[in-house]
Every structure is written in structure tokens, then in C-alpha cells.
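Here is how the chains run, residue by residue.
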Amino acid sequence: MRRFILRRLLQSAVALLGVTLVVFLLLQMVPGDPVRVALGTRFDPETYEALRSRAGLDQPAVVQYFSYLGNALTGDLGVSFRSGEPVTDIVLARLPATLSLAFTALLLALLIAFPLGVISGVRSGSPIDHAVRIFSQFGVSVPDFWMGIMGILLFAGVLGWLPPSGYVALSEDPAGWLAHVILPAATVGLVTASILTRFIRSSVLEVLSQDYVRTAEAKGLRPRVVVLRHVLRNALIPVVTVVAVQLASLLGGVIVIEVLFAWPGIGRLTFDAVQARDYPVLQGAVLLVAGLFLLVNLLVDLLYARLDPRISVR
Amino acid sequence: MSRGHRTLAGAALALTVALLAGCSSGAGVDVGGGDAAKGGVLRAAIGGEPDQLDPHKTSAYYSFQVLENVYDTLVEPDAELQMRPSLATEWRTSDDQLTWTFTLREGVKFSDGSALTAEDVVYSYRRIIDEKLNAAYKFATVKEVAAPDATTVVITLTAPTPNLLANLGGFKGVAIVQKANVDSGDIRTKPVGSGPFSVAGYTSGDRIELVRNENYWGAQAKLDGVTFTFVKDPTVALQNLRGDEADWTDNLPPQQVPGLRDAGNPTVQTVASNDYWYLALNQARKPYDDPAVRQAIAFALDREAIAKAAKFGLATVNQTAIPRASSWHYDYTPYNRDLDKAKSLLAGKSGLNLELMVTTEYPETVTAAQVIAANLDEIGIAVKIRTLDFAQWLDEQGKGNFDAFLLGWLGNIDPDEFYYAQHHSEGTFNFHNYRNAEVDKLLEQARVQTDQAARKQEYDRAAKLIVDDASYIYLYNPDVVQGWSDKVSGVEVRTDRAIRFRDVALAR
């Protein structure tokens, strides 16, 4: 077990190294110059050169990459081109907002997707199954920003129940946080719920066609017991993977939704960093997201062993 | 923001004032709301987040929206954009116009209580000049800045500079900063200025909190503070205003502004701005090096339709750069839509393909381009619209990789700012390669011309040549649009887009 975790951590480190290289290469290829953006249209050659050399952008790309990597290994992710603040501080400051939105959205999604997916799988072909499938089709195909704006217009505008945008830290004012998180979390959660519902439905359907289910039914177990004890438990394993992937992508920040709702998370930070070509911040944000992704995956693998005794970690 | 949170913010503000040190806004200490005679914290929703709060290093308009209330300059523009005393109470120039002596206001303090003296002015200007910061070009003719005593600043020039006051006060990018604040690095997030408000808190991605500066030299601000939040989507910003989550915003959906303006609550006001938007043709490329081709395009454009599409009518069409309200305006409108004239100027050169570069950073350029494409199609020019994000757009502009582009210039005050860098052969913003020796000469003369009447004449002559040559094809001056709830009073919508909250009050 310990060896398994150690090996996975080592693999993660290699993966993160790969991430820095890929991001760096991509940034080299993307047109646009952070110093030009910082100066805007008021371009003055002298100021431009001064700023470039201050940011180290006049160095060859290889030198830039290795000096970045050298500093990163000591925990120094550099400073933002735009603000001059340390990247580590900037990125970590955005983490609570993203975490709280991601987990709330996932919770909502699970609360919706589980009952709907199971019912729709068990009662496949029934009117309720059709309704659920229409719902999940809607959630997957309607753009989230549109749903967000409609939510704002209805719940903040017409009904006046919720604030249209903004953020309050959970640690500061839990009630205020809840009021502000509902709309963005519901918007994101609805999309995630649609995806999960479909997976749960098909997973349940697949398990239902297995021999052991037929055996259980033949033994005369009540349908309720069959579903709860045999179907659900086995249907859960592929679902866990999908939930983990969804969680990881939520942790990466939901860019459009964070921008729309003025939610100060990683997604909005990434958006601003791309616009400004703020390479250090972008690198830092991607590294953090990649790290969270690897962590979630590790936890899922450990969870597998719990759910299914046939899988063991070595 | 709920009412409960506002109380909390008020408590945090009061605490911050007491401590005068950066305390986190999470401090849950039960302190009263402040002086009851004055009033409240105004919640302002702006369209984006400042990149940083160092006035000398930022170029983002969002930063200046905040910093306008935190910093002072030696002089500052009034509503008519005439330079008035601010930190400097008076100034005189030597007979040769090369030495300017400014007398500073007595007893001015930074918000932390330390004195602001002539040394701080010297330090601020030297910092901009020596470190080649963004506003360095405004000091191009400055040879030396000296502080013979605590309230006197002497600026020596290499050439007469009639627009020196506009350079030293036009915007807060030339503000007087505090050396200790710069040296500690705090200026990026906790800048210390001498303006009517000071920065009490900055939560990245979320909000900036200002509190009234009790050490301010002028009349004390009526508000206890201002909280800026960053709401990118104009529909959401409007909902904030309507739902009493914000008291003021300048980020309103343009298509709704005419209706809102008539409806009354929230109050929405529009004022013609000093900005202008234009079409530039790359004169290093054929056939746009030919003035006749550029004039043909100028004659083919339907400016009213362009302004209507781009700004929903919230703009005034213009054929010269400087708007009507300015004393530097030059009334000259040679290009009234005339397709026959345009075709004859093209002289059989139809079948042209023009690639027009626009940017999503300014959505109005994307919309305007569609009208321009339709207009030019009528004279046989096929327009291909190339839409880029701003970073790439600037890259292409810098490299000269364009047939034509659409953009605007914002916040100019003095005619030198409107013309020199854009139209002089050696101008730093002359990306479209305009060359006219006569214009160069006039712009150089006017730049050092100290006789105001003569200076106006020289700029008028330069403007006529620039328009005749269609160096830029001017399109319109947009309006400044702001909205506020009926609790807010004293807002002055300014033509230079400076957002000043010092005279604003909030009914409670």
C-alpha cells in the first residue's frame, strides 16, 4: 500500500514536469506578447524594452524555461507579469472560492443524478425514463453561460431571491456565502448532473442484464433489495471514475461561470491570465489544477479497492 | 452583497482606520458603522479587475477607476478638461518657457499621516523617467526636476512644452507616490496616496475597499468608503444595480441604455466623451499608399449607421479627432457619403480585397466592421473581417501585418496627444505609416508653440491635412455611460472617464 502511494506520487511528479513543459511550449506558440498587452495601445519602444528585460522575456526560450523550472523546484513559481505579486500567493488565494463552488456543485449534481439515474435505469422505457433522458439531454446541450444568465434574470431579477453575482468567503459569513453560491453552483451542477445521470443510467442498465441479478431475482428477492444490494453496489464502480473526472474538471475552475458570476476562483484567474498573456500566473494555475487532478485520481484508485475487493493496490 | 455583509464590511473598515494597517476583511469585530452624519459605503461595480494598483506601472483603465480616488497629481482637469490646481496651488513659467516653478499646497499629508513634500514629487517623476515606466513619454522634454524647498518644485525643460500641465495632470498615471510605499512593494496592492480615499483592502478577484482619507487636504469625502467589485458581464452588472447589490456602475448593456435613460430609476446618464474611434489603412501596403483610395473609402462610409450599430446610437459621428465640446475642436466634415465620388476616386481599382483587423477586446469594433464591410462592398471593395483577441491584435499591429484596423484612442486631452504620436512620421503610435512632411512640421511647431491662438491655428491646419489625406478615417466620439441608484447623489459623469467619488453622497 505504502509502496503503491509512493510510486504514484513519483509518477505524479513526472506528470507535473511534463505539464510545465507542455504549457511552456504552448505559450511560446500562442501569438501575443504580454508586454504589448500591458502597455496597450500606448506603445513606447523604450518602455517596451525596459519591461521586457525586467520580465526576463529578452532571454532565449530555453534559458527562460530552465530558470523557471529551477525556481519552481524550490517552490518559487515566479511573479505575475501584470501585478508583480508572487504567483504562489495569487493562485492559492483563489483556491477557496473554487473549492467551495466545485464541491457545492458536485453535491447538487449527485443529489440530482443519483435518484434520476437509478430510477431511469430500473424503469427503462417508462415515461419517467423518457423525462429523465430529455432533462439530461437538455443539461448537456444547453450552454452553461446561457443557463447562468437565465438563472440570474429569473432568481435575481424577476423574483429577487438571490444576489445576481459576487462572492462572500465561507469562513467569513456562511449565510452570505450560501446565498451567493447557489446560482453558480446550480448552473454548473445541472450540467454535471446531466452527464452523471446518463452514466448512472447506462451503468445500472448494464448491471441489470448480468447473470447474478437474474439469479438474485430468481431466488425471490424483492426488487427493492436486488436494486439496493446487488445492482447499485456494482453499478457504482464505473460511476466513481466519472464522478472523479467531473470533480477534477470542476476543481480546474469553471471559467465561463466564474467570469459570469464574478466568482474569484481559479477559472477566472486563468481567463484573465490568458487575456493578458500572464505566463507565470497561467503556469501556476495549470500546475495547481494538474496537481489536484492527480490527487483526485489517486484517491479514486484507493477508493476502488474499498468498493471492489477484487481490485487490490500493490 | 446582503445588508448583513455591509455591516460587517463597515465594521472591518472602521477597524482598519483605527489600526491604519492592512487587516483582513474577515475581522469580525463589532465596531459601529462610523460617523452617522456622513454616509455609508458606496458599492461600485466596474467591468474588470485592476492588474495592480501601482499608478506608474498599470495601464488598465480599471486600475485608474480606483486610483482616481486614491492619488493626487500636481494639477487636475476640471469638467471642461482645463487644468486646475490640485497639489500645486500656483505655477509660473520663465520668459524662455524652459523653467516651470510650482508651489505646493501647505500641509499635505499622505493617507498614513506622513508629509507630502516637493521631494516626493521629485521622487515620483524621477521614478517614471529613470525606470522608463508607462508614462515616461509624457516627460520627453523634461531635463531636470528639483525641490529647492519643501513646497517648491522646479521643472527644467529642453524645449518649450505648452501642454506640460496636461502631461502632469491628465491622468493618475503621473500621480505623486510615496517612496516607502514603493520600496516595500506594498504599492501594488496597498498604495498610499494623498487623495480623498485610501485603500483599506484588496481581495484578488473579488473586491477593493476604499475608506475615507481623514488626512485629505481638501473637503472631506461624504462617503465612509467605496467598495469596487468586478462584474464583467454588463447584464449581470445591471441586475446588481437593480437588485440593490450595487449603487453605481459604468458597465451597462449598450442596447438597453436608451431605454434605461428614459425610464429614470436607476438613473442612467450619458455624456459625449473625449475618446474617438477610427479606421486606419496601412499606407505601407498598396493600394492604401494612394490618398485617393483612402479618400474613396472615407466617402463610402455611412458613419451614422456605423455609430448606430457599434454603440446603439450612444455616440456622435465625427470626421476630425477632437470632439465638439473641446476648445480644440476643428469643424471640418469633407466626407459625406457619396458613392459616385468614391467610385470615381477608385478610378477602376475595384475588385480590391481588404482585410480589416478587429478585436474582441472592444466588441464595438467587431460590430462596426460589419457595417463598414457592407458599405465598402457597394464600391467594389470586398472586406474580410479578421477578429483577434487583443494580445494577438497588438502583435499584428506592431508587426504591420494588416490592411486596415479599427480602434479608438481614449482619454486624450491636449491636441498634441491627439495628433503627434499618431500622425508624425516618427510618431510612436504611427502603426499605419502615414508620412507628410508638412504635417510633421506643423506638429513640431505646435508642440512648442506657447501662443495659444497660434497653437490652435497650427493644429487646425494639421488636422485639415490629416483628414484630407485620410491618415485616419475618423468615425465617432462615443458617450460615457454611467448608472446609479436613486440613493446616490453628486455623481458627475466626466468626458475623460475619470471616476471621482469625493463629492458623491449616499442617502440612508
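A few points on the structure. Fair warning: this is a prediction, and the values are worked out from it, not measured in the lab.

Regarding the overall build of chain B
Inference 1: Scanning chain B from N- to C-terminus turns up 15 helices and 20 strands.
Inference 2: Computed over C-alpha atoms, the radius of gyration of chain B comes to 24 Å, within 12% of the 23 Å expected from 2.2 N^0.38 for 508 residues, which places it in the range of a compact globule.
Inference 3: Its C-alpha atoms give chain B principal-axis dimensions of roughly 80 × 55 × 35 Å.
Inference 4: Counting all 508 residues of chain B, 59% fall into the buried class.
Inference 5: Working note: accessible area of chain B is about 18800 Å², and carbon and sulfur atoms make up 48% of it.

Topic: the interface of chain B and chain A
Inference 1: Taken residue by residue, the interface counts 47 residues in chain B and 45 residues in chain A.
Inference 2: For the pair chain B and chain A, the summed buried surface comes to about 3900 Å²; carbon and sulfur atoms form 52% of the total.
Inference 3: Contact with chain A buries surface across chain B, with Lys132, Gln239 and Leu394 of chain B losing the most and accounting together for 13% of the total.
Inference 4: Between chain B and chain A we count three salt bridges in total.
Inference 5: Between Asp389 of chain B and Arg277 of chain A there is a salt bridge, and its shortest N-O distance comes to 2.9 Å.
Inference 6: At the boundary of chain B with chain A, the tally comes to 16 residue pairs in polar contact (both at pLDDT 80 or more).
Inference 7: Going through the elements one at a time, helix H1 (3-19), helix H6 (234-242), helix H12 (390-399) and strand S17 (404-409) of chain B are the ones with two or more residues in the side of chain B that touches chain A.
Inference 8: Tallying contributions element by element places H12 of chain B first for the side of chain B that touches chain A, with seven residues.
Inference 9: In terms of residue class, the side of chain B that touches chain A is built from 16 nonpolar, 17 polar and 14 charged.

A closer look at the pairing of strand S1 (residues 41-46) of chain B
Residues and elements named next belong to chain B.
Inference 1: Among the six residues in S1, six count as buried, and that is most of the element.
Inference 2: On S1, burial covers both faces: Val41, Arg43 and Ala45 on one face and Leu42, Ala44 and Ile46 on the other are all buried.
Inference 3: Judged from the two bridges that link them, S1 and strand S11 (residues 248-249) form a sheet pairing that is parallel. From the neighbouring strand, Ala44 faces S11, where its bridge partner is Trp248.

So, the pattern of salt bridges
Residues and elements named next belong to chain B.
Inference 1: With the rule as written, the count across this model stands at 40 salt bridges over all chains.
Inference 2: With a shortest N-O distance of 3.0 Å, Asp244 and Arg43 are connected by a salt bridge. Remark: Arg43 occurs in strand S1 and Asp244 occurs in the loop between H6 and S11; sequence separation between them is 201 residues.
Inference 3: Relative accessible area serves as the criterion here: at 35%, Asp244 is assigned to the partly exposed category.
Inference 4: Judged by its relative accessible area of 4%, Arg43 is buried.
Inference 5: Arg84 is the partner of Asp78 in a salt bridge, and the nearest nitrogen-oxygen pair spans 2.8 Å.
Inference 6: One salt-bridge network, held together by shared partners, links Glu68, Glu76, Lys172, Arg500 and Arg502.

Thoughts on the environment of Ala248 of chain A
Inference 1: One can find Ala248 of chain A in helix H10 (residues 223-251).
Inference 2: A residue is classified by how much of its surface remains accessible, and Ala248 of chain A, at 4% relative accessible area, is buried.

Thoughts on unusual backbone geometry
Residue and element names in this part refer to chain B.
Inference 1: For the bond running from Asn265 to Pro266, omega is 0 degrees, close enough to zero to count as cis.
Inference 2: Looking at the secondary structure, you find Pro266 in the loop between helix H7 (257-263) and strand S12 (267-272).
Inference 3: In this structure, the amide linkage connecting Lys286 to the following residue, Pro287, adopts the cis form with an omega of 0 degrees.
Inference 4: Secondary-structure assignment places Pro287 in the loop between strand S13 (276-281) and helix H8 (291-300).

Brief notes about the nonpolar core
In summary, soluble globular proteins display a tendency toward joint burial of nonpolar side chains.
Inference 1: If you look at the biggest cluster of nonpolar residues, it comprises 152 residues, and the most contacted ones within it are Ile297, Leu356 and Tyr419 of chain B.
Inference 2: The element best represented in this core is H10 of chain A, accounting for 13 residues.
Inference 3: When neighbours within four sequence positions are excluded, Tyr419 of chain B is seen to be in contact with Ala321, Ile322, His424, Leu443, Tyr459, Ala463, Ile466 and Tyr474 of chain B.
Inference 4: Grouped together as the second largest cluster of nonpolar side chains are 34 residues, Met83, Phe102, Leu165 and Leu168 of chain B included.

Structural notes on a nonpolar patch on the surface
Residues and elements named next belong to chain A.
Inference 1: A surface patch of nonpolar side chains, about 530 Å² in accessible area, is lined by Phe138, Phe145, Trp146, Met150, Ile255 and Val256.
Inference 2: No other element matches the three residues that helix H7 (residues 144-158) contributes to the nonpolar patch.
Inference 3: With respect to the helices, strands and loops of the structure, Val256 is situated in helix H11 (residues 255-260).
Inference 4: A relative accessible area of 38% places Val256 in the partly exposed class.

Focus on the packing of aromatic side chains
Inference 1: Tallied over the entire structure, the rule returns 30 aromatic pairs over all chains.
Inference 2: Ring centres of Phe155 of chain A and Trp161 of chain A lie 6.2 Å apart, and the angle between their planes is 40 degrees; on these two criteria the pair is classed as tilted.
Inference 3: An angle of 50 degrees between the planes, with centres 5.0 Å apart, marks the rings of Tyr125 of chain B and Phe139 of chain B as tilted. Taken as a pair, Tyr125 of chain B in helix H3 (residues 118-130) and Phe139 of chain B in the loop between H3 and strand S6 (142-149) lie far apart in primary sequence, 14 residues in all. Considered together, Tyr125 of chain B and Phe139 of chain B belong to a single accessibility category, that of buried residues.
Inference 4: Joined through ring pairs, the aromatic side chains of Tyr276, Trp277, Tyr278, Tyr362, Phe390, Trp393, Phe402, Phe405, Phe418, Tyr472 and Tyr474 of chain B make up one cluster.
Inference 5: The side chain of Arg447 of chain B reaches across the aromatic face of Tyr420 of chain B, ending 3.6 Å from its centre.

Describing the packing of H7 of chain A against helix H8 (residues 174-208) of chain A
Residue and element names in this part refer to chain A.
Inference 1: Between H7 and H8, whose axes approach to 9 Å, the crossing angle comes to 140 degrees. The angle between H7 and H8 falls in the class oblique. For the pair H7 and H8, the crossing hand works out as right-handed. Here Asp144, Met147, Gly148, Gly151, Ile152 and Phe155 of H7 lie close against H8, whose contacting residues are Leu183, Thr187, Leu190 and Val191.
Inference 2: Its residues assigned to classes, the contact of H7 with H8 shows six nonpolar, three polar and one charged.

Focus on the sheet that holds S6 of chain B
Residue and element names in this part refer to chain B.
Inference 1: Pairing is antiparallel in the open sheet, where four strands are placed in the order S4-S5-S7-S6. Lying at the two open borders of the sheet, with one neighbouring strand each, are strand S4 (88-93) and S6. On average, each strand axis in the sheet is tilted by 20 degrees relative to the strand beside it, whichever way the strands run.
Inference 2: Two elements, S6 and strand S7 (residues 152-157), share five bridges in a ladder whose sense is antiparallel. Looking at S7, one finds that Ala146 is bridged to Val154.
Inference 3: Where H3 meets the sheet, its contacts fall on strand S5 (99-104), S6 and S7, and the angle it forms with S6 comes to roughly 160 degrees.

Notes on the pairing of strand S15 (residues 352-359) of chain B
Residues in a regular strand point their side chains to alternate faces of the sheet.
Residue and element names in this part refer to chain B.
Inference 1: Across the eight residues of S15, six count as buried, placing the element largely inside the fold.
Inference 2: Direction of pairing for S15 relative to strand S16 (residues 381-388): parallel, over a ladder of eight bridges. Bridge pairing links Leu356 to Ile385 in S16.
Inference 3: Inspection of the sheet shows S15 paired to S17 by two bridges, in the parallel sense. Directly across from Met357, in S17, lies its bridge partner Phe405.

Section: the environment of Ile5 of chain A
Inference 1: Its location among the elements puts Ile5 of chain A in helix H1 (residues 2-29).
Inference 2: Between the C-alpha atom of Ile5 of chain A and that of Val204 of chain A, which follows or precedes it by 199 residues, the distance is 31 Å.

Thresholds, definitions, all that
- Residues numbered from 1 in each chain as written.
- Chains lettered and ligands numbered in written order.
- Predicted model: local features only at pLDDT ≥ 70, side-chain atom pairs only at ≥ 80, totals over all residues.
- Heavy atoms only, no water.
- Helix = DSSP H or I, 4+ residues; strand = E, 2+ residues; numbered from the N terminus.
- Rg over C-alpha atoms; globule rule 2.2 N^0.38 Å.
- Buried < 20%, exposed > 50% of the residue type's maximum accessible area, 1.4 Å probe, protein only.
- Areas by Shrake-Rupley, 256 points an atom, 1.4 Å probe, with all protein chains shown as cover.
- Contact = heavy atoms within 4.5 Å.
- Buried area = accessible area lost by both parts, 1.4 Å probe.
- Salt bridge = Lys/Arg side-chain N within 4 Å of Asp/Glu carboxyl O.
- Polar contact = N/O pair within 3.5 Å; in protein donor to acceptor, adjacent residues only side chain to side chain.
- Nonpolar A, V, L, I, M, F, W, Y, C, P; charged D, E, K, R; others polar.
- Pairing = 2+ DSSP bridges.
- Core = buried A, V, L, I, M, F, W, Y, C linked by side-chain atoms within 4.5 Å.
- Patch = residues over 30% accessible without salt bridge, like charges linked within 9 Å, V, L, I, M, F, W, Y side chains within 5 Å.
- Phe/Tyr/Trp six-rings, centres within 6.5 Å; stacked < 30°, edge-to-face > 60°.
- Lys NZ or Arg CZ within 6 Å of the ring centre and 35° of its normal.
- Axes fitted to C-alpha atoms, helices over the stretch in contact; angles between N-to-C directions.
- Parallel < 35°, antiparallel > 145°, perpendicular 65-115°, else oblique.
- Left-handed = near helix turned anticlockwise from the far one by under 90°.

Such coordinate-based values are descriptive only and should not be taken to indicate function.
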